[in-house]
Amino acid sequence: MGQSRGLGIGLIGFGAAATGLARGFAQQGVPVAVYCNGPHNHPPYTPEFQRKVREAGATLVDSLEALGAASDIVFSCVIYTVAEETARQMAPHIQQGALFADINNAPPAVKQRAQNALGGHGEYVDVGVLDNISAQGPRILVVVAGPGAQRFADMMKPYGMTADVVGDEPGQ
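Residues numbered from 1 in each chain as written. Predicted model: local features only at pLDDT ≥ 70, side-chain atom pairs only at ≥ 80, totals over all residues. Heavy atoms only, no water.

Focus: the environment of G10
Next up, step 1: Topologically, G10 is positioned in strand 1 (residues 9–12).
Next up, step 2: The class for G10 is buried, based on a relative accessible area of 0%.
Next up, step 3: Between the C-alpha atoms of G10 and G171, which are 161 residues apart in sequence, the distance is 22 Å.
Next up, step 4: In this structure G10 touches A33, L67, S71, I73, V74 and F75, once residues within four positions along its chain are discounted. (Helix = DSSP H or I, 4+ residues; strand = E, 2+ residues; numbered from the N terminus. Buried < 20%, exposed > 50% of the residue type's maximum accessible area, 1.4 Å probe, protein only. Contact = heavy atoms within 4.5 Å.)

Some points on the packing of aromatic side chains
Next up, step 1: What the rule picks out here adds up to 6 aromatic pairs.
Next up, step 2: Ring centres of F14 and F49 lie 6.0 Å apart, and the angle between their planes is 85°; on these two criteria the pair is classed as edge-to-face. Residue F14 is located in the loop between strand 1 and helix 2 (16–27), and its partner F49 is located in helix 3 (residues 47–55); the two are separated by 35 residues in the primary sequence. No difference in accessibility class separates F14 from F49, as the two residues are buried.
Next up, step 3: Grouping aromatic residues by their ring pairs yields a cluster made of F25, F75, F152 and Y159. (Phe/Tyr/Trp six-rings, centres within 6.5 Å; stacked < 30°, edge-to-face > 60°.)

Thoughts on helix 2
Next up, step 1: Here helix 2 is 12 residues long and its end C-alpha atoms lie 17 Å apart, about the 16 Å a rise of 1.5 Å per residue gives.
Next up, step 2: Every buried residue belonging to helix 2 is among A18, T19, G20, L21, A22, G24 and F25, and all of these are buried.
Next up, step 3: Buried residues along helix 2 sit against strand 1, strand 2 (32–35), helix 3, strand 4 (73–76), helix 7 (133–136) and helix 8 (149–156).
Next up, step 4: One or two steps after helix 2, the chain reaches G29, where phi turns positive at roughly 85°. (Expected span 1.5 Å × (residues − 1).)

What follows is the structure, given as structure tokens:
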């Protein structure tokens, strides 16, 4: 993981927020892997979707296992109705010591269930985005909570993210 190859970012989903993150991290030389399994974009990916991801500077992967292998931080950029299930599906594929950063706008109870769904795999971070992530990428202001919040804040600072740690429990 991170020590030998540098920071690796994984994105689950590829809407406006994930696209902004991909562009911003890629412009700073950070490798970005993307996995989607939504109603419109899922393996096998269409040529149009492959081009969109490539233009953002990211690499598509066909499985959560491949995403986990490439990622020190996995950003869950899905709609809140699938946040808990996304965490559950990602759990067995998160590397030891990796962070799971949940950036969807979900109620506190959903965030808590998503953390529980990880089952101790990786460290959960509840990320509340306070800026225009689609335009600014990682150079944004966020509030973070959860077991991995301080480490997330420290890891993101060099990439222009200002993270205000508000607590150890998701949903704070």
